[in-house]
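Chain by chain, the residues run as shown.
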Amino acid sequence: MNKAAAAFTAASDYGEAERAMERQFELLALDEVFRPGMRVALKPNLVMKRAPERATTTHPAVVTAAVRALRRRGVRDIVLAESPGGPYTRAALEGIYAACGMADAAREADFRLNTDMSSDTLTCETFLRCASFPVIRPILEADAVLNLPKLKTHGMTTMSAAVKNLFGCVPGLQKPELHYRYRQEDAFCEMLLDLAQAVGPAASIVDAVVSMERDGPSGGTPKRTGFLAGSRNPFALDAVLADFARLSPVETVRLSLAHGLTPPLEEIERLGDEAVGVAFVPPRTKSLDFLDRLPRPLRPAARSAVKRLAEARPEVTRRCVGCGKCAESCPAHIIRIERGRAVIDRMNCIRCFCCHEMCPAGAIRIRRLRIFSL
Ligand code: SF4
Ligand code: SF4
């Protein structure tokens, strides 16, 4: 089996997820990696409390399809594990399981939902930036991890799929700490590559039945794309998906190619159904840089003069209800709640867009002066 091969299997709606998932298992020869007697951890994307139809989280039909495919291969010990945004508490997890449809799915397909709040250290021997990570216990205790991301745009990393999804293996508010430690996009993305190598999922199968475009990963628009996409190599899978969604350049993809974690796109074997690419509307944070349109000799001076003006930045709107979830998730600790509304100290913003991602009211918009995004 070519481990960098990527498979597309059509599913025009979630009623077809089980058939598409079974084909993924067959095309990727996953009988070789998921065997009877194993303990398998499922790692979906459950970033926040959202109903499945909002396309922010992995759909429960994809999770139950994976459970049934594993059961057909004799795997009995299956646990769903995720550390969403915000504090990693049992109450927060249970609320998210209920809202995202996982509590019903677990009853229907008979798998466990993790409620163990402990974590331990996982090391990455071939690290680029980060040698060790705190990781939630069920991921560490599993014989194999089945990564079940959602295909979405992302304000900081442009695309969220197989590699970015594994950031949810880091418990709760230790995620903002890593954001703050690796503030620049390339450093943050190399840290993500280290984490993906350390976790080493046996396979990644992305829910792209309905994806998300525009201001993902939580404030975007659902986009019907109609397939599951899988690979044993998360870096190769992301390279194929970035090409499919016309979202290149995606920094994690560029770096995984530069560091030899994925073969070049043209060398990645494609299996299953044909998937004709469809351009996703990118997040506003990644719209064209005005400076790139200036004559080359003028760019360095212009860049330093207008850099701060040209950058996209978060802005609190009237929809704010003062819940404080943005402040909780801000790695730079620069959001305070004043008179029932969030206030951002913009000068110290590292532009990670965690506040935008975590706001349950959609009250943070990405602001970019229009002249710089024409
Ligand atoms: S901006 Fe959003 S997350 Fe922050 S306090 Fe307002 S409603 Fe809550
Ligand atoms: S204000 Fe928002 S974008 Fe800025 S550092 Fe805090 S979470 Fe990140």
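Structural data are supplied above this passage.
Residues numbered from 1 in each chain as written. Chains lettered and ligands numbered in written order. Predicted model: local features only at pLDDT ≥ 70, side-chain atom pairs only at ≥ 80, totals over all residues. Heavy atoms only, no water.

### Looking at the packing of aromatic side chains
- Under the defined criterion, the tally for this structure stands at five aromatic pairs.
- With 5.5 Å between their ring centres and 85° between their planes, F167 and F188 make a pair best called edge-to-face. Of the two residues, F167 is situated in the loop between α6 (162-165) and α7 (174-181) and F188 in helix α8 (residues 185-199); the sequence distance between them amounts to 21 residues.
- Exposure remark for F167: the relative accessible area of 4% places this residue in the buried category.
- On the basis of relative accessible area, F188 is assigned to the buried category, the value being 0%.
- Between the NZ or CZ atom of R183 and the centre of the ring of Y180, over which it lies, the distance is 3.9 Å. (Phe/Tyr/Trp six-rings, centres within 6.5 Å; stacked < 30°, edge-to-face > 60°. Helix = DSSP H or I, 4+ residues; strand = E, 2+ residues; numbered from the N terminus. Buried < 20%, exposed > 50% of the residue type's maximum accessible area, 1.4 Å probe, protein only. Lys NZ or Arg CZ within 6 Å of the ring centre and 35° of its normal.)

### Some thoughts on the site of ligand 1
- Taken together, 14 residues lie near ligand 1, and C320, C323, G324, C326 and C359 sit nearest.
- Its residues placed into classes, the shell around ligand 1 shows eleven nonpolar, two polar and one charged. (Near = heavy atom within 4 Å. Nonpolar A, V, L, I, M, F, W, Y, C, P; charged D, E, K, R; others polar.)

### A few points about the nonpolar core
- Counting 84 residues, the largest nonpolar core has M21, F34 and L146 as the members making the most contacts within it.
- Broken down by element, this core gets its largest block of residues, ten residues, from α8.
- With residues near it in sequence (within four places) discarded, M21 still touches V62, A65, A66, A69, L148, I205 and L228.
- In this structure, A4, L151, A229 and L237 belong to the second largest nonpolar core, which totals 24 residues. (Core = buried A, V, L, I, M, F, W, Y, C linked by side-chain atoms within 4.5 Å. Contact = heavy atoms within 4.5 Å.)

### Some details on helix α4 (residues 102-109)
- Listing the buried residues of α4 in full gives M102, A103, A105, A106 and A109. In an axial view of α4, the angular spread of the buried residues amounts to 165°, which keeps them on one side of the axis. Across from the buried face of α4, at angles greater than 90 degrees, the exposed residues are D104, R107 and E108.
- Looking at the buried positions of α4, the neighbouring elements they touch are α2 (60-72), β3 (77-80), α3 (90-99) and β4 (112-113).
- Taken from the residues just after α4, D110 is the one with a positive phi, measuring 60°. (Arc of directions from axis to C-beta.)

### A word on the layout of surface pockets
- The calculated volume of the second largest pocket comes to roughly 430 Å³.
- Lining the second largest pocket are 24 residues, and of these D215, G219, G220, R284 and H356 sit closest to its centre.
- With three residues, the top contributor of residues to the lining of the second largest pocket is strand β16 (residues 364-367).
- When grouped by side-chain class, the residues that make up the lining of the second largest pocket number nine nonpolar, eight polar and seven charged. (1 Å grid on protein atoms, 1.4 Å probe; cavity = no way out; pocket = protein on both sides within 12 Å on 5 of 7 lines; lining within 4 Å. Points joined across faces, edges and corners; volume = space filled by probe spheres on them.)

### Digging into the pairing of β16
- Burial along β16 is one-sided: I364 and I366 are buried, and none of R365 and R367, which face the opposite way, are.
- Relative to β16, strand β13 (residues 313-316) runs antiparallel, the two being bridged by four bridges. Its bridge partner lying in β16, P314 is registered against I366. (Pairing = 2+ DSSP bridges.)

### Description of the packing of α8 against helix α10 (residues 251-258)
- The geometry of α8 relative to α10 is characterised by a closest axis approach of 9 Å and an angle of 65° between their N-to-C directions. Pair α8 / α10 crosses with right-handed handedness. Two secondary-structure elements touch here, α8 through E185, D186, C189, E190, L192 and L193 and α10 through E251, T252, L255 and S256.
- Of the residues assigned to the contact of α8 with α10, the class counts are four nonpolar, two polar and four charged. (Axes fitted to C-alpha atoms, helices over the stretch in contact; angles between N-to-C directions. Left-handed = near helix turned anticlockwise from the far one by under 90°.)

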